[in-house]
Amino acid sequence: MGQAKDSGSDPRDESEADRLDRNYGELLQELRVAETGVQILFAFMLSIAFQQRFQTLDDVQRTIYVITLLFCTLSIALLVAPVAFHRLTFRQGLKDELVQITNALALAGTSFLLLAVLSGVLLIFDYVVGRGFAVTVTAVLAVLFISLWVVLPLSRRRAEQNS
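Calculation criteria
Residues numbered from 1 in each chain as written. Predicted model: local features only at pLDDT ≥ 70, side-chain atom pairs only at ≥ 80, totals over all residues. Heavy atoms only, no water. Helix = DSSP H or I, 4+ residues; strand = E, 2+ residues; numbered from the N terminus. Rg over C-alpha atoms; globule rule 2.2 N^0.38 Å. Buried < 20%, exposed > 50% of the residue type's maximum accessible area, 1.4 Å probe, protein only. Contact = heavy atoms within 4.5 Å. Areas by Shrake-Rupley, 256 points an atom, 1.4 Å probe, with all protein chains shown as cover. Polar contact = N/O pair within 3.5 Å; in protein donor to acceptor, adjacent residues only side chain to side chain. Salt bridge = Lys/Arg side-chain N within 4 Å of Asp/Glu carboxyl O. Axes fitted to C-alpha atoms, helices over the stretch in contact; angles between N-to-C directions. Parallel < 35°, antiparallel > 145°, perpendicular 65-115°, else oblique. Left-handed = near helix turned anticlockwise from the far one by under 90°. Nonpolar A, V, L, I, M, F, W, Y, C, P; charged D, E, K, R; others polar. pLDDT = per-residue confidence, 0-100. 1 Å grid on protein atoms, 1.4 Å probe; cavity = no way out; pocket = protein on both sides within 12 Å on 5 of 7 lines; lining within 4 Å. Points joined across faces, edges and corners; volume = space filled by probe spheres on them. Core = buried A, V, L, I, M, F, W, Y, C linked by side-chain atoms within 4.5 Å.

S.K.: Explain the overall build of the protein chain here, please?
M.R.: A count of helical and extended segments in the protein chain gives 4 helices and 0 strands. In the protein chain, the order of α-helices and β-strands from amino to carboxyl end is α-α-α-α. Since a compact globule built from 163 residues should have a radius of gyration of about 15 Å, the 20 Å found for the protein chain marks it as more spread out than a globular shape. For the protein chain, the C-alpha atoms occupy an extent of roughly 60 × 40 × 15 Å along the three principal directions. For the protein chain, the residues scored as buried account for 30% of the 163 residues in total. For the protein chain, restricting intrachain contacts to residue pairs at least 6 apart in sequence, the fraction spanning at least 24 positions comes to 72%. Accessible area of the protein chain: about 10500 Å², with a carbon and sulfur share of 65%.

Next comes the structure, spelled out in structure tokens:
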């Protein structure tokens, strides 16, 4: 339980360069998980438009589809951006900036991934079961995702800072 607090104390015996390398490596591992999920969702969303039944979507469903595709696209852009940033700044002494920017991009990309997943669920449930049930399920899932992805980690961080 004795993790580093905001005071800057860290029980690890590592240099600043080692810390930045470790932090960047951890970010990359996290991004690999998120990128795979968003790429699969994106491929699925692209394929939907070429199905014969796509023509049976109503205007609301088409709008949800377009928004979902946009959220997927933005998520991919944000989650893959650290790779381009790293390649273009390689060996330029910008590791600290790389870690900070990658962290911000990962948070933004994950946020758009959440929106893409929720809007995708909304679209499919709306089409298969009906709009009322779709909105209810999507709202419940939004609470679940936000609880797991935002509330839980922030509450743990706050509890650790207060201990």
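S.K.: What is the right way to read the side chain of T102 from this model?
M.R.: With respect to the helices and strands, T102 occurs in helix 3 (residues 95–128). At 2.7 Å, the side chain of T102 forms a polar contact with the backbone oxygen of L98. Excluding anything up to four places from it in sequence, T102 contacts Y24, L27, L31 and P82.

S.K.: Before we go on, may I ask you to explain the pattern of salt bridges in this structure?
M.R.: Close approach of charged atoms allows side chains with opposite charge to pair. Tallied over the entire structure, the rule returns 2 salt bridges. Between D58 and R131 there is a salt bridge whose closest N-O contact spans 2.9 Å. With a gap of 73 residues between them, D58 in the loop between helix 1 (16–48) and helix 2 (59–89) and R131 in helix 4 (residues 131–162) connect regions that are remote in the sequence. Residue D58 is classed as partly exposed on the basis of its relative accessible area of 31%.

S.K.: Sorry, what's going on with the packing of helix 1 against helix 3 here?
M.R.: In a packed pair of helices, the relevant descriptors are the angle between the two axes and the axis-to-axis distance. With their axes 9 Å apart at the nearest point, helix 1 and helix 3 run at an angle of 25 degrees to one another. By the angle between their directions, the pair helix 1 and helix 3 is classed as roughly parallel. Remark: the crossing between helix 1 and helix 3 carries left-handed chirality. Its residues assigned to classes, the contact of helix 1 with helix 3 shows 18 nonpolar, 3 polar and 4 charged.

S.K.: Help me understand the confidence of the model for the protein chain in this model?
M.R.: Mean pLDDT over the protein chain stands at 86; residues scoring 70 or higher make up 93%. When pLDDT is averaged over each helix and strand of the protein chain, the minimum, 81, is found for helix 1 and the maximum, 94, for helix 4. Low confidence marks residues 1–7, where pLDDT is under 50. Its contacts with residues over four positions away, or in another chain, come to 11 contacts.

S.K.: When you look at the layout of surface pockets in this model, what are you seeing that I'm missing?
M.R.: Sizing a probe to match a water molecule and rolling it over the atoms shows the empty space that remains. Empty space within the second largest pocket amounts to approximately 210 Å³. Together, F44, I48, Q51, R53, F54, L57, L123, I124, Y127 and V128 line the second largest pocket. Contributions of two or more residues to the lining of the second largest pocket are made by helix 1 and helix 3. No other element matches helix 3, which puts 4 residues into the lining of the second largest pocket. In terms of residue class, the lining of the second largest pocket is built from 8 nonpolar, 1 polar and 1 charged.

S.K.: Got a minute to help me understand the nonpolar core in this structure?
M.R.: Proteins that are soluble and globular tend to have nonpolar side chains buried together. Counting residues in hydrophobic clusters, the biggest one holds 14 residues, and the most contacted among them are M45 and Y65. At the level of elements, helix 1, helix 2 and helix 3 are the ones that each hand at least two residues to this core. Among the elements that take part in this core, helix 2 stands out by supplying 5 residues, more than any other. Residues within four places of Y65 in sequence aside, it is in contact with M45, L46, I48, A49, F54 and L123. Within the second largest apolar cluster, 7 residues are counted, among which are L31, I76, L79 and L113.

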